[in-house]
Amino acid sequence: MGYIADNIREVLEEVGKAAARANRDPSEIEIVAVTKTVPVEKIEEAVDSGLTILGENRVQELIDKYSLLDGVKWHLIGHLQKNKVKYITDKVSLIHSLDSVALAEQISGRLDLLKQEMAVLVQVNVAGEDTKFGIGPEETADFIDHVRQIPGVRVKGLMTIAPYVSNPEEVRPVFRRLRTLAEEVKTIGFPGVEMQHLSMGMSNDYTVAVEEGATLIRLGTVIFGQRN
Ligand SMILES: *Cc1c(COP(=O)(O)O)cnc(C)c1O
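Just so it is clear, the model here is predicted, and its values are computed rather than measured.

**Topic: the pairing of strand S8 (residues 216–219)**
Part 1 of the reasoning: The side-chain alternation of S8 yields two buried faces, one formed by Leu-216 and Arg-218 and the other by Ile-217 and Leu-219.
Part 2 of the reasoning: Sheet topology places strand S1 (residues 30–34) next to S8; four bridges connect them, and they run parallel. Paired with Val-32 across the strands is Arg-218, a residue of S8.

Dropping the structure here:
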């Protein structure tokens, strides 16, 4: 077994420990293997080790790899430009990065509404960083109320990218805020909206994210090694 299989085994162990610390069932947590810049042979090793959800943040890379890998689901995890929507609505099972009403309308317009829906997560810029996409925490409920009425667009939860810090404990409040936001939305009870997923946690902070309730963790470096 190669280093990717070893890395995955270690990650699963850490996820199990973090889940135990939070009294969570580890089966609630799924890994999105982030494959940006990773060659297909390496991705295949991860798939052989049991990872079946792959995440790309660039549409072109997703399309290039899409036809080369079988038996996997693709998630779009990065900022999505409206003019790229048409390339992916038939390829991805979840878009993590819904950040505008205009994007939701574009997605809707590309669906065959008789037989197709698109599951999306609302990206929230919890920490208010200028460099990050996402809507503000205080706008989240209104935003969801708006997009839930757009045909075919199904809100399934929230996503955030925490600021990069050397000690992941520093971003625990960010993850906790995303979870309480999801609880607030759930309490309002918008028809058609589910708060099934919290997409949060990356290589440097996923154990804290799991402790705070992540259901999807997006991992690149810790599985495939440093990107060049
Ligand atoms: C690259 C990327 C990740 C994975 O980052 P790592 O630190 O390598 O785990 C997760 N989420 C998004 C949105 C990314 O762009």
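Further notes follow.
**Things to note about the pairing of strand S5 (residues 118–123)**
Part 1 of the reasoning: With six of its six residues buried, S5 lies for the most part within the structure.
Part 2 of the reasoning: Along S5, one buried face is formed by Met-118, Val-120 and Val-122 and the opposite face, lined by Ala-119, Leu-121 and Gln-123, is buried too.
Part 3 of the reasoning: When strand S4 (residues 92–98) meets S5, the two strands line up parallel, connected through two bridges. Note on S5: the bridge partner recorded for Leu-98 is Val-122.

**Some points on the site of the ligand**
Part 1 of the reasoning: For the ligand, the full set of nearby residues is Val-34, Lys-36, Asn-57, Ile-77, Ile-161, Met-202, Ser-203, Arg-218, Leu-219, Gly-220, Thr-221 and Arg-227.
Part 2 of the reasoning: Calculation on the ligand without its partners gives an accessible area of 390 Å², and the protein chains cover 90% of this total.
Part 3 of the reasoning: For the shell around the ligand, the class distribution of residues is five nonpolar, four polar and three charged.

**Re a negative patch on the surface**
Part 1 of the reasoning: On the surface, a cluster of negative charge is made up of Glu-41, Glu-44, Asp-48 and Asp-70.
Part 2 of the reasoning: Looking at where Asp-48 falls in the secondary structure, it is placed in helix H2 (residues 40–48).
Part 3 of the reasoning: A residue is classified by how much of its surface remains accessible, and Asp-48, at 68% relative accessible area, is exposed.

**Observations regarding unusual backbone geometry**
Part 1 of the reasoning: If you check the backbone angles, Asn-23 has positive phi at about 55° while not being a glycine.
Part 2 of the reasoning: Mapped onto the secondary structure, Asn-23 falls in the loop between helix H1 (3–21) and S1.
Part 3 of the reasoning: The exposure class assigned to Asn-23 is exposed, which follows from its relative accessible area of 74%.

Conventions adopted
- Residues numbered from 1 in each chain as written.
- Predicted model: local features only at pLDDT ≥ 70, side-chain atom pairs only at ≥ 80, totals over all residues.
- Heavy atoms only, no water.
- Buried < 20%, exposed > 50% of the residue type's maximum accessible area, 1.4 Å probe, protein only.
- Helix = DSSP H or I, 4+ residues; strand = E, 2+ residues; numbered from the N terminus.
- Pairing = 2+ DSSP bridges.
- Near = heavy atom within 4 Å.
- Areas by Shrake-Rupley, 256 points an atom, 1.4 Å probe, with all protein chains shown as cover.
- Nonpolar A, V, L, I, M, F, W, Y, C, P; charged D, E, K, R; others polar.
- Patch = residues over 30% accessible without salt bridge, like charges linked within 9 Å, V, L, I, M, F, W, Y side chains within 5 Å.
- Salt bridge = Lys/Arg side-chain N within 4 Å of Asp/Glu carboxyl O.
- Lys, Arg positive; Asp, Glu negative; His and termini not counted.
- Charge placed at Lys NZ, Arg CZ, Asp CG, Glu CD.

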